[in-house]
There are 2 protein chains.
Amino acid sequence: MHAPSEQGYIQQVSIDCVIFGYQDQQLKVLIPKLLFRGDFWALPSGFVYQDEDIDDAARRILQDRTGIKEVWLEQFQVTGTANRNSRAFVDQLLELNPDLFSRWQTRRQEHEWFTRRFISIGYYALVDINQVVPQKHEIDACIEWHTIRDIPPMIMDHNQLVSKALETLRLTLDQKLSAFSLLPEAFTMKDVQALYETIYQTTFARNNFQKRILHLNALERLEKKFTGAANKAPYLYRRQQ
Amino acid sequence: MHAPSEQGYIQQVSIDCVIFGYQDQQLKVLIPKLLFRGDFWALPSGFVYQDEDIDDAARRILQDRTGIKEVWLEQFQVTGTANRNSRAFVDQLLELNPDLFSRWQTRRQEHEWFTRRFISIGYYALVDINQVVPQKHEIDACIEWHTIRDIPPMIMDHNQLVSKALETLRLTLDQKLSAFSLLPEAFTMKDVQALYETIYQTTFARNNFQKRILHLNALERLEKKFTGAANKAPYLYRRQQ
């Protein structure tokens, strides 16, 4: 929820972002929580300026929240049911935080703008979690990584958006070679397998998995990883440039 | 292009439909052509009513053009670059057809509405071509099936939308079991193979292909097809109910 203003935005269109990171063999999502009374968690969201490409709007929202510019970014769904609005959420927020009434100087107008039906364009992003410095907004109490099994209840349909983003990610992981964006620049085959197993919540046989990945022709083999035990050291890989 | 009116629609959001059919081992797309001077072909398009789900809007546009209600329908892309508008097209249309000026009674207003930037939600549909009775609108000269290798130049970015729809269709054909929607209710394995070969523009080895399809666990085997030569008659299949 950015500065509520009608100025310059396309009306009734919003962008919701599911930002995936990977750490300690866990897939995580970056989610801010509002500062106000009430447990209001919500996906990083925003609107589209009249003179802005929708992809650029998504990149702006992502950079604003992660501090990084180059991320894997992909649309996964447009949500546009007729009854999709944030009226229930905004009303509850105002009820629990009556002081907001006075802070929103043109409250009625903003309330009207915010609580109209919005068509939401869902983007998911894949980031190297070590590069990210999560940014909270003035109206956020915090912004945190949550493992996908431990995501708090969010406003509106935001939990469903995470599920749908994950489903889409799984569907085209091999075709789009997207998973490597979750890893640091250099990684071992074992790292890739652990990542895939985390994303699909299953295990793969090592030999078959290695064949599957090499068959993608997406990786470049680097030197062996330094482990001290030269013979058994695994190779490092990186995405082909 | 339906009746140009601002009444009741969400502004700056449009729906563009790529309707795929399959016939004579050709993948085809249903495209209307405007009645006016100038060769204006354009994908079936429309807008979203304030009280209408976007999926329902797409279904309404499709039913209106095909006469059928139940079709495979899927979003494939939101196109939303800042410079995406139909100003060039509408201006050209009006220049070639000056009589339209007088027909459009509130012309300036409608021109302004139509030629604003639109965010387009792209849907593709898969239909059994034999069920379709193509419907032209009052402002159409015709509506025709075009094979994908023989699609006329269309207005704006509509040719690119067809390419992107086809790319998306290819990407998830097995996972989504969508291809069977292009066939009549009962079909042979040979029919499926011909369809896949058409969609991917390649050939598959018969045995491997049959394994691949049966492995999907999506089909139900029916009686043998009556050909007169009982022994060599192929089995008929249909999608599992």
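This one's a predicted model, so the numbers in the text were calculated from it and none came from an experiment.

Across the boundary between the two partners, chain A contributes 25 residues, which contact 25 residues of chain B. Here chain A and chain B share an interface that buries about 1900 Å² over both sides, 58% of which is from carbon and sulfur atoms. Three residues, V78(A), R117(A) and L171(A), lead the burial of chain A against chain B; their summed loss comes to 25% of the area buried on that side. Summed over the shared surface of chain A and chain B, the result is zero salt bridges. Seen at the junction of chain A and chain B, the total is 16 residue pairs in polar contact (both at pLDDT 80 or more). Mapped by element, the contributors of at least two residues to the side of chain A that touches chain B are β1 (9–23), β3 (45–49), β4 (72–79), β5 (119–126) and α6 (173–176) of chain A. The element that contributes the greatest number of residues to the side of chain A that touches chain B is β4(A), accounting for four residues.

In screw terms, the move from chain A to chain B is a rotation of 180° and a rise of 0.0 Å along the axis, fitting with an RMSD of 0.0 Å. What we have between these two chains is a two-fold relation. In this assembly the copies share their binding face: 100% of the residues contributing to the interface of chain A also contribute to that of chain B.

The next point concerns the nonpolar core. The nonpolar side chains of a soluble globular protein tend to be buried, and buried together. By size, the foremost hydrophobic cluster in this structure holds 45 residues, and its most contacted members are I15(A), I121(A), I15(B) and I121(B). When contributions to this core are tallied by element, the ones reaching two or more residues are β1, α1 (54–66) and β5 of chain A together with β1 (9–23), α1 (54–66), β4 (72–79) and β5 (119–126) of chain B. Those residues within four positions of I121(A) in sequence are excluded, and the remaining contacts are V13(A), S14(A), I15(A), D16(A), I54(A), Q75(A), Q77(A), V78(B) and I119(B).

Below, the discussion takes up the state of the cysteines. Think of a disulfide as a covalent bridge from one cysteine sulfur atom to another cysteine sulfur atom. Residues and elements named next belong to chain A. Evaluated as defined, the whole model comprises zero disulfides over all chains. No disulfide involves C17; its sulfur sits 18 Å from the nearest other cysteine sulfur, which is in C142. Judged by its relative accessible area of 1%, C17 is buried. A relative accessible area of 17% means that C142 is categorised as buried.

Moving on, we get to the pairing of β5(B). Residue and element names in this part refer to chain B. Here β5 lies mainly inside the structure; eight of its eight residues are buried. Of the two faces of β5, the one holding I119, I121, Y123 and A125 and the one holding S120, G122, Y124 and L126 are both buried throughout. Two elements, β1 and β5, share eight bridges in a ladder whose sense is parallel. Pairing of V13 across the sheet is with I119, part of β5. Here β4 pairs with β5 via seven bridges, running antiparallel. Bridged to L73 within β5 is A125.

Another aspect to go through is the domain arrangement of chain A. All names here are of chain A. When cut into domains, chain A gives domain 1 (9–173) and domain 2 (183–239). Distance between the C-alpha centres of domain 1 and domain 2: 33 Å. Every contact between the two is made by eleven residues of domain 1 and, on the other side, eleven residues of domain 2. Both sides of the domain 1 and domain 2 interface together cover about 1000 Å² of buried area, and 60% of this is carbon and sulfur. Per-residue buried area on domain 1 facing domain 2 is highest for Y22, R170 and L173; these three make up 54% of the total on that side. Across the domain 1-domain 2 interface, the total number found is zero salt bridges. Across the contact surface, domain 1 and domain 2 share five residue pairs in polar contact (both at pLDDT 80 or more). For the side of domain 1 that touches domain 2, the elements supplying multiple residues, two or more each, are β2 (26–34) and α5 (158–171).

What counts and what doesn't
Residues numbered from 1 in each chain as written. Chains lettered and ligands numbered in written order. Predicted model: local features only at pLDDT ≥ 70, side-chain atom pairs only at ≥ 80, totals over all residues. Heavy atoms only, no water. Contact = heavy atoms within 4.5 Å. Buried area = accessible area lost by both parts, 1.4 Å probe. Salt bridge = Lys/Arg side-chain N within 4 Å of Asp/Glu carboxyl O. Polar contact = N/O pair within 3.5 Å; in protein donor to acceptor, adjacent residues only side chain to side chain. Helix = DSSP H or I, 4+ residues; strand = E, 2+ residues; numbered from the N terminus. Least-squares fit on C-alpha atoms with pLDDT ≥ 70 in both. Core = buried A, V, L, I, M, F, W, Y, C linked by side-chain atoms within 4.5 Å. Buried < 20%, exposed > 50% of the residue type's maximum accessible area, 1.4 Å probe, protein only. Disulfide = S-S within 2.5 Å. Pairing = 2+ DSSP bridges. Domains from an automatic or database assignment.

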